[in-house]
Amino acid sequence: MGLLGWVTMLPLFGAALVLLVPQEEESIHRGLGLLTAIVTFVVSLLVLTGFDAAQAGFQMEVNRSWIAPLGIRFHLGVDGISLWLVLLTTFLIPVTLLSPQAIGIRNIRVREFTAAMLILETGMIGAFLALDLFVFYVFWELMLIPMYFIIGIWGGERRFYAAIKFVIYTLVGSLLMLVAILYLYAQFHAATGGYSFDYAQLSHLTLPATPQLLCFAAFALAFAIKVPIFPLHTWLPDAHVEAPTGGSVILAGVMLKFGAYGFLRFALPMFPLAAAQAAPLIAILAVIGIVYGALMAYVQDDAKKLVAYSSVSHLGFVVLGILTLNPTGIQGAVYQMLAHGISTGGLFLGVGLLYDRRHSRKLADFGGLWAKTPVFAACLLVIVLASVGLPGLCGFVGEFLVLIGTFTAQKLWAPAGLSGYFPAPKLMAGIAASAVIISAMYLLGMYQRLMFGPLDKPENRAVRDIHGAETWVFGIVVTVAIVMGLAPQPILARSEKSVDAFVASYRDRLQEARRAPDAPAHIYPPLPAAAPEAGGTP
Amino acid sequence: MPTTYYIVLSFVLFLIGTAGVLVRRNALIALMGIELQLNGGNLAMLAFSRELGDLKGHVFAFFIIALAAAEAAVGLAILVALFRGRQTVNLDEATLLKR
Amino acid sequence: MSFDAAQLFAYTPMLILIGMGCLILLAETFAQGAARAGLAWLGIAGCAGALVAIVAGWAGAAEAQTHFQGMLVVDRMALFLDGAFVAAALLTLLFAPPYLRERGFEFGEFYAMVLFATAGMVMVVHATHLVSLLIGIETMSLAAYVLTGCWRRNLRSAEGAIKYFLMGAFATGFLVYGMALVYGTTGGELSYTGIASKVPQATKSPLFYMGEYFILVALAFKVAAVPFHMWAPDAYEGAPTPVTGFMAAGVKAAAFGAIVRLLGSAFASPLLVFDFTGWASVLAVLAALTMTLGNLAAIRQDNVKRLLAYSSISHAGYLLIGVVASGLGVASAKPAVLFYLVSYTFTTLGAFGVVAWIGNRADERLFVDDWAGLGTKRPAVALAMTIFLLSLGGVPPTGGFFGKFYLFRAAMESPQLYWLVVVGVLNSIVSIYYYLRIVVAMYFRESSRALAPTDGTSMRLGLLLTAIAVVLLGVFPGTLVEWAGSLALK
Amino acid sequence: MTFNLRLIPLLPFLGAAILMLFGRKWKRDTVLLVAAGAIAGSCLVAVDAFFTALPAAASKGGLHDVVGTWMAAGSLKIDLALRLDALSGLLCLIITFIGFLIHIYSSGYMEHDPDYPRFFAYLNLFCGAMLVLVLGDSLPVMFIGWEGVGLCSYLLIGFWYSSSANADAGKKAFITNRIGDLGFLIGMFLLYQFTGSLNIPEITAAASGGGALMQTLFPGTIFAAPVAFWAALFLFIGATGKSAQIPLYVWLPDAMAGPTPVSALIHAATMVTAGVYMVARMHALYLLTPGAMAIVACVGALTALFAAIIGFAQNDFKKVLAYSTISQLGFMFAGVGTANFGAGVFHLFTHAFFKAGLFLCAGSVMHAMGGSGDITIMGGLRKKLPFTHGVFLVCWLAICGVPFFSGFFSKDSIISGAFGTEIFGEGLLWVGKAVGVVLMLAALGTAFYMSRLYFLVFTGSETRASDEIKHHIHESPGAMVGPLVVLAVGAALGGFIGLPGGLLDHPEWNLLADRLAPVLGPEMEVSRSIELGFMVASVVLALGGIGLAYLFYGGGYREPSRKFAAAAPRFVRLVQDKFRIDELYGLLIIRPIKRLAKGVFFVVDRILIDKILVEGSGAIVGVLARMARAVQGGDVQRYMAVFAIGAAGIVYLATRPSVPDVLKVTVSGLSVDVDARRGSKPASRVQDYSFDFDDDGKPEVTGAAPAAHHAYPRAGTYTVRVQVKDPNWGTSTSLKQKVEVR
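Treat the numbers as computed from the prediction; the structure is a model and nothing was measured. (Residues numbered from 1 in each chain as written. Chains lettered and ligands numbered in written order. Predicted model: local features only at pLDDT ≥ 70, side-chain atom pairs only at ≥ 80, totals over all residues. Heavy atoms only, no water.)

Caption draft 1: Inspection of the pairing of strand β2 (residues 72-78) of chain A at higher detail. All names here are of chain A. Counting buried positions over the seven residues of β2 gives seven, a clear majority of the element. Covered by surrounding structure in β2 are I72, F74, L76 and V78 together with R73, H75 and G77, the residues of both alternating faces. In this sheet, β2 lies alongside strand β1 (residues 59-67) in antiparallel orientation, the contact comprising six bridges. If you follow N63 over to β2, its bridge partner there is H75. Remark: four residues form the turn of the hairpin made by β1 and β2, two consecutive strands paired antiparallel; G71 in that turn has positive phi of roughly 70°. (Buried < 20%, exposed > 50% of the residue type's maximum accessible area, 1.4 Å probe, protein only. Helix = DSSP H or I, 4+ residues; strand = E, 2+ residues; numbered from the N terminus. Pairing = 2+ DSSP bridges.)

Caption draft 2: View of the interface of chain C and chain B. Counting residues at the interface gives 43 residues for chain C and 43 residues for chain B. In this assembly, chain C packs against chain B so that about 3,700 Å² is buried in total across both faces, 79% of it on carbon and sulfur atoms. Among the residues chain C hides against chain B, the three largest losses belong to E159, Y177 and Y183 of chain C. Together they make up 18% of the total. Seen at the junction of chain C and chain B, the total is one salt bridge. A salt bridge links R86 of chain B to E159 of chain C; the nearest nitrogen and oxygen atoms lie 3.0 Å apart. The interface formed by chain C and chain B contains 13 residue pairs in polar contact (both at pLDDT 80 or more). Sorting the residues of the side of chain C that touches chain B by element identifies α5 (130-149), α6 (155-185), α8 (206-222), α9 (231-238) and α13 (304-327) of chain C as the ones contributing at least two each. (Contact = heavy atoms within 4.5 Å. Buried area = accessible area lost by both parts, 1.4 Å probe. Salt bridge = Lys/Arg side-chain N within 4 Å of Asp/Glu carboxyl O. Polar contact = N/O pair within 3.5 Å; in protein donor to acceptor, adjacent residues only side chain to side chain.)

Caption draft 3: Representation of a nonpolar patch on the surface. A cluster of nonpolar side chains, L7, L10, F13, L14, I18, M20, L21, F22 and W26 of chain D, forms an exposed patch at the surface whose accessible area comes to about 790 Å². Within the secondary structure, M20 of chain D sits in helix α1 (residues 7-22). (Patch = residues over 30% accessible without salt bridge, like charges linked within 9 Å, V, L, I, M, F, W, Y side chains within 5 Å. Areas by Shrake-Rupley, 256 points an atom, 1.4 Å probe, with all protein chains shown as cover.)

Caption draft 4: Focus on the packing of aromatic side chains. Per the stated rule, a full pass over the model turns up 120 aromatic pairs over all chains. Both rings, one in F41 of chain A and one in F91 of chain A, keep their centres 6.1 Å apart while their planes meet at 55°; by these two values the pair is tilted. Taken as a pair, F41 of chain A in helix α2 (residues 26-50) and F91 of chain A in helix α3 (residues 80-98) lie far apart in primary sequence, 50 residues in all. In this structure, R445 of chain C packs its charged tip against the face of F160 of chain A, placed 5.9 Å from the ring centre. (Phe/Tyr/Trp six-rings, centres within 6.5 Å; stacked < 30°, edge-to-face > 60°. Lys NZ or Arg CZ within 6 Å of the ring centre and 35° of its normal.)

Caption draft 5: Inspection of the pairing of strand β1 (residues 63-73) of chain D at higher detail. Residue and element names in this part refer to chain D. Bridge count for β1 against strand β2 (residues 76-84) is nine bridges, and the pairing is antiparallel. Bridge pairing links L63 to L84 in β2. A loop of two residues connects β1 with β2, the two strands running antiparallel in sequence, and G74 in this loop sits at a positive phi of about 60°.

Have a look at this one:
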């Protein structure tokens, strides 16, 4: 199955095992789930150690026939971008499972919850690693179901609404993406005579301008909803708020990244011309999202909703960074994805812990908790500051690189004849950078209302500081946040080659597409020597 | 007489049958309408068969007759069951299942 | 012209089904009380035998062989669908006995009728002649009418049966009249190949078109395509639940088999397919209407059985996309339709199986609210139902997803159908919404009401088999695709 | 030259980490040992670096220490590197030395605080961050410290978290700082874009070359200016935030909510001077752009005067000192803004001592007064707090600029530098003089309000407080007094490191300028007459200010002060309310933002997207669904009617005449090709076509082909008529089109 196959499938096997244990044995479910997640993490570390940073392309590929008649192959591979996202996933899942608050206050059906989380993990890892569009789509949808259940079963008051909103929103995008995938498949056949869903092959297909724009729109819609880009974001506050802590952590920590990852892996490289046309619009929306999300977070009085809106803002940076289409911005975007996973994951864990203790998320119900929970307060402070983007913590690096990338976007692109590609880069960077102010306003405001001020509410007197497994959870998150802030280079170094290659090939393909925008669908650049594998069924 | 007349007649039969099924409330009469439809088909089949000098049409007509009989048998049985439950075979009263 | 009895060997499955049906009718007169349960097992044995015969005949059917002066054909498409029908019958026979016993109408005729209906379906897909088509359709339909109404004491059953019967007979009128017109305008042709050879001259007459579309309308009725669908919700709701599943799966599949074969041979001429008046355009519009209306009507439906009935209408719409694509010359459309039919058969039978399982004689529990808390009380059944619903909604990794994927993939090869695929995809989203309503009830809500399901070992077995089949079809569809595809290569 | 510079910030960081992790369970002495030990160690390393290693390396860019690559992405590469030259070394010494003193002082001041370890952890963290700020070799590394000190300031202001006011003040400080940081970031981006580096030496080198940074940015707009101007301006915005200049000064007075040692260390001696340090550090950039320099100088001067005026009417001990700090920082900016970098840094140095001393005195006084800082209830403390009084006296004289105390030298060099500067070219010549005049007024004001403070607190015969408080007044413990005395010595004698040597024909006596020369360039040459003149003038101003204050407040509130307050009550009130700038900001910026955000949240998110778009489309589907179900009425005969209508409709659709409706005409020369089509596609059904190319009723071409070709005999305009007959139904259609052949 290959190392990647194991990383992908281990959680699924673990989930099956968990489901086989009788309902009553909750500690076994927890233990088994955690064990599986940790083993998966260890295996993913093997992927990391085996990863060759000097190589730009995909590594450790697993490529087995799956549905031969349609030319569908179980094709996985890792490059410098997906590597870290997989590690983020395999890291966050055990941390979440370790957290006693993961299930939230409806602490029922531990078995199903654990299994759902593990199935979710398989879906996420698989989607990050998939190099076959069919496989990608299957894993992409596979994520949806467990998350739907996690929100719907263990969620809060309005969980039905949130769960169905989440599913419908996501499906609207992803099903149209499916249509585009099928279109590509048919066009690939028309251009080469072969049948393939393989990313490596389909990404060489250059479509004429109009279909390219339509396909890009379909892909971009799916990813924009996932990110989410303003104004497609309204599912997010609902889903995040209603989801149990574990769900929110994974939703914000990992699942939102699929939107950005999708842009980077699929939407941009496969439709270079359309992407270049649409980029100004998306970039503007991203900037609006940054400021908008931050402003919305500023006026929330529900801690979880605040954090949810902060995600809209932070993910805006990711999209903006990707659209700079220069290595600095994209590296920043990748890093921001990871950092956001850690910091927002930590924030949700923190808010979840408070909700568990107090059964309230209203900021007005808290105050002065520092006196009661000094250790937790300190941990949360680090996480909050990481989210604010304080230099030296993980949040800064990504934001900084993205902003620099944005600020200098035009200059780097001018030689390629792409001047004017990015609208008013300095203005955009400036507006985006204003989020550093607003994020401090809302996050410190939240922190203050939780931790500072008089301890005047009697319920808060009984709140207990973190202990046991909670200490580990927060200790780990805080440590990672600090280490990632001080030493980002090991991470950046491993994604560097892939990002550089991405930018170079994007430039190349864009020039080709610009040369003859209306040329019929053709293959550019030429496929590698091995001919496309034809499926059995025409 | 030209075959066309027979075809027109068969179509008229078919239409009368259709109208009967559609407008009569009594299920038995609706059943008769259906028989008329089938017979319209029969007539057309026979007319064509005769014009073409081809026997297949005649054979087909026999099949249709048999089929009509089978349908009548099943249909009447169902009607009986319906009547037992409701004491009526009026179709517009059988609206338990809707929406 | 001679009757060659050896030709009958090619139709062993059908003969086994009919023979076993007769045997059950005979045995029925002797069986009393508990022994009646054995009748179902006779039927199951018959189905198993038929399955064996189908498998045995598979290799020899690589090339199509016609028999009885072109009345019937044996080819892989037919055998493939035969397998689906027999599997549907078998599962129905697993679901039915506990259901019938609980409701007090366990008669041997029921099982015999299931087998006869199956035999009719087999005939429908083997037919290459209008006469054999008519006979097959009627055999199947008459048995289906009876099955719908067989719960005689139940008013809904009788009402469903009379509606189904009247409309079915009405459609038969159209069918027969259409056949007569085709017969006349083609100069006396009744076999598919004969009709096809006379199309250019026949199109001189508008009566030919009328005949063609009367036949299509009658078949569209059988698959419950809009606007000929109106019997379906009522009949499906009225029929005993295992029958509903059988009808939704088997009858629909058989009619689709007939449509595919008829359109693929008798009416395959480009003169009839293309252009804005060709059946490709007409069926494309029907497909869009069918999907949309079926899904829309299901959204606000609280009765699970009726909801599934509407959903089955919408699935006919998806399948029509494949039929149209096939007509437009997409080679992979036919296997896609076939695959979809198989996965749909299992899914829908499983779903109705759970509906049959959950109620009892006093309390059918047909409403969505009645399903609350099933996820806690019976996690296994709830899981199975979830799998079926996800499959119906087209969510991976289920057969329903792959079927839809395969179908849309085929349709995407024809630029004229892009719009239809988009409509289909949008419809899928709508459909997920109402399928998930049931999931919501099962898992997200709790209920203190006690659960007294019909249950029964054979039912459980049936649910297990269908659930496994649906998942396998989603995860490893390759083999079945190859089987389905092997008939398209010709 | 490399040196283990990383030890300097690392030691305090380690101290902070250890205290945070384990400090809670330790005894106070252990905590103090770790905290003070860390900073003392850091101080020793800094001393070693500055005095032993630096002289050899001073001309080669100072000491350098690369820890590793911090981040590299694309063409951007940032090393985690530190550099110690005379400028940063001086700051290091100030930070570690005063930091150490304040640690000692705090051990007494915070003695009874339950959060003792946390306090010292923060202090250590602050020192570490501040050291990173000054030592950072590149702007981003500097930015780590820059934001780090902001964070510590936030934490320490809100140290007594259970009071909302403290927490608010902390947040305000952080957010105001962040506004500045936005400017700092943009400044960095500009520099990166046009120099390709964020490394300070490289930027300095690029600035010395000038070229790239002198390109015009935003040409053709009203914003057209050289890159250097914008970069310098944005960096300066960062400085106004950190160093509490107009318009971002508002946080500093509120920051006095923190423990007094914090005010002394962070909000007087070190952090707030970071902006000045940064401008000095980037002097090469600022020298390129007189415009930006003028802005710096003007903002500095205005702040100096403005804050001094507010200082007149404040009644809180620490608030007065806070405004004084703002004012003094204004002096420093005026210094660096007039290219008199050495003087600015010199004032930074002296200010660190006397202001730290003043704050610690404030702490001591408040300690004695039971925590109250209200100067209206003080008075006559001279005798009760003799040590504190002595130290305050020295520092007071220093800040007023009384000759030979430290402030005298530094302030004087700024003022005379402002008059003597030659940096401003055409059109900006007035700046130096104007700045100088404003600064002199500010110096007068400084002398006045500081004297007011002194007289009201220490002179007079009796304390105006309640008896209970009076009873408790006592001198502070040794741990607090010791550092005070050291600071007083610094405040008194610190000025001598920057003697105006040129005036005495011994330039080498100006140790500071001598040391800083390799970094900041040679000291500014100011003509002897100007320098002497302003020295005399400033002495007069200082003494005048003191005298005026004595007149008003000597020994308590005197008649003139009451008279003045009665004469212009509204003005006094306005000054007391700090010109209501906070309220203005609230009205103009904060409240509108909040309202806007709330409004947008409801209008866009709740209503527009969720209600109208999401639920609206859901509602449409819902209505359609109801309609779809309504059709299913239960009457089987209606069903059959629908069936029949559907069947009839399909038959009609399928058999209706299929005729072309468009003619596609292609003309080439005299011949035409006509193609009859339906929509854009040819009809596939069999039709009979007759083409009449000249519309004379006699078709030229007939047949089943939908296209025909015809050649006209001569040019002209013809009408083409095509008759299409459907053999199924016998219907016919005719299409016609005009054709022009040439």
